[in-house]
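Report on the structure
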Amino acid sequence: MKSARAVAHTNIALVKYWGKRDSSPADLNLPAVGSLSLTLDRLRSETTVCPAGHDSFTLNQEPASGEVAGKVLRQLDRVWQAAGHAGPRPPCEVVSRNFLPTAAGLASSASGFAALTLAAAAAFDHDPGRPALSALARRGSGSAARSLWGGFVRLERGVAADGSDCRAYPLHPQAHWDVRLLIVHTERGPKAIGSTAGMQRSRDTSPYYGPWVDTSEADLAAAEAALAARDLAVLGDIVEHSCFKMHACMMASRPPIVYWRGATLDVVHAVWRLRAEGLQGYVTSDAGPHVKVLCLSGQADDLAARLRDVPGVHAVDLVGPGPDPTVEVLA
């Protein structure tokens, strides 16, 4: 094997993904619904995979073990097997750094597993093309499949039992639309319930889970058309509708899954008030307490300044559409 480094940017789903497909092996990590996302600039993961005397994983300059390290090593095994090499996978040193908060509802797993998959594929001399690599990245983290491209990306749910048609593909490049996403931080630290556990609970117990799955394709089709037309009002309405359907499904789980805090709802109401005043922002929120606001670049600074004044807001970051990932073979 060689040494390789990859940089991949995280993404935020504008039309949401929540839940795994019924009756599929857990290792395939097949989503119950498709999704449509925006890849973000600045927020990224950088990962290096090198040959070593034994397996190790370092995250943000700290040795990692347990479940986190286990997921990384299993992903290396998948890439090695996909490459078709004979014999066991060689020991690897994996060094990763997240330039965004980890486990806080900001999709660090998306950029992390995308970068890991790309670096491992380059290190193992495996180049099946980005669509196939997106399917591999999905097995580490569902949202990672979308971080194989910049700009605006769609992940298909697929129907094949082996997951071969559950792949992401690019819709529009980074330069398609000069939008901004405001990330409004309403809490510090990791979230209490991981996404995988939360999805399982919703599928097993929420009465809204079935309708959530059944209505997703219509949302995706409408959002894709609005995105192509660069119609923020139409896309924003779909973005908010998808977000609140997902969180309604979570909250109706038993026991309820409530990621939001008081400040989260205060920000939502503030965005709606500002929209009535002419600042056109639209809210979304993933499995965490933070609020993301989609807007045009010309109004981003004004919206950010007003939202920083909401009690309980720690910070507001402005990010735009991000680039494709990069891969470098080191030796």
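About the thresholds
Residues numbered from 1 in each chain as written. Predicted model: local features only at pLDDT ≥ 70, side-chain atom pairs only at ≥ 80, totals over all residues. Heavy atoms only, no water. 1 Å grid on protein atoms, 1.4 Å probe; cavity = no way out; pocket = protein on both sides within 12 Å on 5 of 7 lines; lining within 4 Å. Points joined across faces, edges and corners; volume = space filled by probe spheres on them. Helix = DSSP H or I, 4+ residues; strand = E, 2+ residues; numbered from the N terminus. Nonpolar A, V, L, I, M, F, W, Y, C, P; charged D, E, K, R; others polar. Disulfide = S-S within 2.5 Å. Buried < 20%, exposed > 50% of the residue type's maximum accessible area, 1.4 Å probe, protein only. Salt bridge = Lys/Arg side-chain N within 4 Å of Asp/Glu carboxyl O. UniProt positions renumbered as here; feature names shortened; annotations may be inferred. Pairing = 2+ DSSP bridges. Contact = heavy atoms within 4.5 Å. Expected span 1.5 Å × (residues − 1). Phe/Tyr/Trp six-rings, centres within 6.5 Å; stacked < 30°, edge-to-face > 60°. Lys NZ or Arg CZ within 6 Å of the ring centre and 35° of its normal. Polar contact = N/O pair within 3.5 Å; in protein donor to acceptor, adjacent residues only side chain to side chain. Axes fitted to C-alpha atoms, helices over the stretch in contact; angles between N-to-C directions.

1. Notes on empty space enclosed by the protein
Throughout the structure, instances matching the rule amount to 1 cavity of 30 Å³ or more. Forming the walls of the largest cavity are Cys-243, Phe-244, Trp-260, Val-268, Val-283, Thr-284, Ser-285 and Val-291. For the lining of the largest cavity, the elements supplying multiple residues, two or more each, are helix H7 (232-251) and strand E9 (282-284). In terms of residue class, the lining of the largest cavity is made up of 6 nonpolar, 2 polar and no charged.

2. Side note on the state of the cysteines
Following the criterion strictly, the structure yields 0 disulfides and no others. Between Cys-166, a cysteine without a disulfide, and Cys-249, which holds the nearest cysteine sulfur, the sulfur-to-sulfur distance is 18 Å. Here Cys-166 falls in the buried class, since its relative accessible area comes to 0%. The thiol of Cys-249 is unpaired, and the distance to the nearest cysteine sulfur, on Cys-243, comes to 13 Å. What makes Cys-249 buried here is its relative accessible area of 0%.

3. Thoughts on the pattern of salt bridges
Here the structure, examined in full by the defined rule, presents 17 salt bridges. Between Arg-78 and Asp-27 there is a salt bridge; the shortest N-O distance is 2.7 Å. Separated by 51 residues along the polypeptide, Arg-78 in helix H1 (residues 66-82) and Asp-27 in the loop between strand E1 (4-15) and strand E2 (35-51) bring together distant segments of the chain. For Arg-78, a relative accessible area of 10% translates into the label buried. The exposure class assigned to Asp-27 is partly exposed, which follows from its relative accessible area of 36%. Between Glu-277 and Arg-306 there is a salt bridge, with its nearest N and O atoms 3.1 Å apart. Pair noted here: Glu-277 is in the loop between helix H8 (262-276) and E9 and Arg-306 is in helix H9 (residues 297-307), with a separation of 29 residues, a long-range link.

4. Overview of the UniProt feature "domain: Mvd1 C-terminal" (unreviewed entry) in the protein
The feature "domain: Mvd1 C-terminal" (unreviewed entry), as annotated in UniProt, sits at residues 182-309 in this numbering. Spanning residues 182-309, this segment combines 60% helix with 10% strand, and its end C-alpha atoms are found 14 Å apart.

5. Focus on the pairing of strand E6 (residues 152-155)
Residues Phe-152 and Arg-154 of E6 are buried on one face, and the alternating residues Val-153 and Leu-155, pointing to the opposite face, are buried as well. Examined bridge by bridge, E2 and E6 share 4 bridges and lie antiparallel to one another. Paired with Ser-35 across the two strands is Leu-155, which belongs to E6. Across 4 bridges, the pairing between E6 and strand E7 (residues 168-172) is antiparallel. In the sheet register, Val-153 faces E7, and the bridge partner there is Pro-170.

6. A closer look at the environment of Val-319
With respect to the helices, strands and loops of the structure, Val-319 is situated in strand E11 (residues 315-319). The exposure class of Val-319 is buried, given its relative accessible area of 1%. Here the alpha-carbon distance between Val-319 and Tyr-282, two residues 37 residues apart in the chain, equals 15 Å. Setting aside residues no more than four positions away along its own chain, Val-319 makes contact with Leu-40, Asp-41, Arg-42, Leu-43, Arg-180, Leu-181 and Ile-183.

7. Quick notes on helix H6 (residues 216-229)
Helix length check: H6 (14 residues) gives 20 Å between terminal C-alpha atoms against 20 Å at 1.5 Å per residue, within 8%. The inward-facing, buried residues of H6 contact E1, E2, E6, E7, helix H5 (209-214) and H7. Trailing H6 by a residue or two, Arg-230 shows a phi angle of about 55°, which is positive.

8. Here we look at the packing of aromatic side chains
For the structure on display, the rule yields 3 aromatic pairs. When the ring of Trp-80 is compared with that of Phe-124, the centres are 5.0 Å apart and the planes differ by 85°; the resulting orientation is edge-to-face. With Trp-80 in helix H1 and Phe-124 in the loop between helix H2 (108-123) and helix H3 (130-140), the pair connects residues that are 44 residues apart, well separated along the chain. Owing to a relative accessible area of 11%, Trp-80 belongs among the buried residues under this scheme. Between Phe-244 and Trp-260, the aromatic rings sit 5.7 Å apart at their centres with planes inclined by 75°, giving edge-to-face as the arrangement. With Phe-244 in helix H7 and Trp-260 in the loop between H7 and H8, the pair connects residues that are 16 residues apart, well separated along the chain. Grouped by ring-pair contacts, the aromatic residues Phe-244, Trp-260 and Trp-272 constitute a single cluster. One cation-aromatic arrangement involves Arg-44 over Phe-99; the distance from NZ or CZ to the ring centre is 3.9 Å.

9. Some details on the side chain of Ser-285
Here Ser-285 lies in the loop between E9 and strand E10 (291-296). Take Ser-285: its relative accessible area is 2%, and that puts it in the buried class. Within the structure, the side chain of Ser-285 is placed 3.5 Å from the backbone oxygen of Gly-288, a separation counted as a polar contact. In contact with Ser-285, other than residues within four places in its own chain, are Lys-16, Cys-243, Met-246, His-247, Trp-260 and His-290.

10. Observations concerning the sheet that holds E10
The strand order E9-E10-E8-E11 describes an open sheet built from 4 strands, whose pairing is antiparallel. Looking at strand neighbours, the two that pair on one side only are E9 and E11, the edges of this open sheet. Averaged over all pairs of adjacent strands, the angle between their axes in this sheet comes to 25°, without regard to strand direction. Pairing analysis gives 6 bridges linking strand E8 (residues 179-185) to E10, with the strands arranged antiparallel. Paired with Ile-183 across the strands is Lys-292, a residue of E10. H7 rests against E9 and E10 of the sheet, and its axis sits at about 30° to E9. On top of the sheet, H8 reaches E8, E9 and E10; it is set at about 160° to E9, its chief contact.

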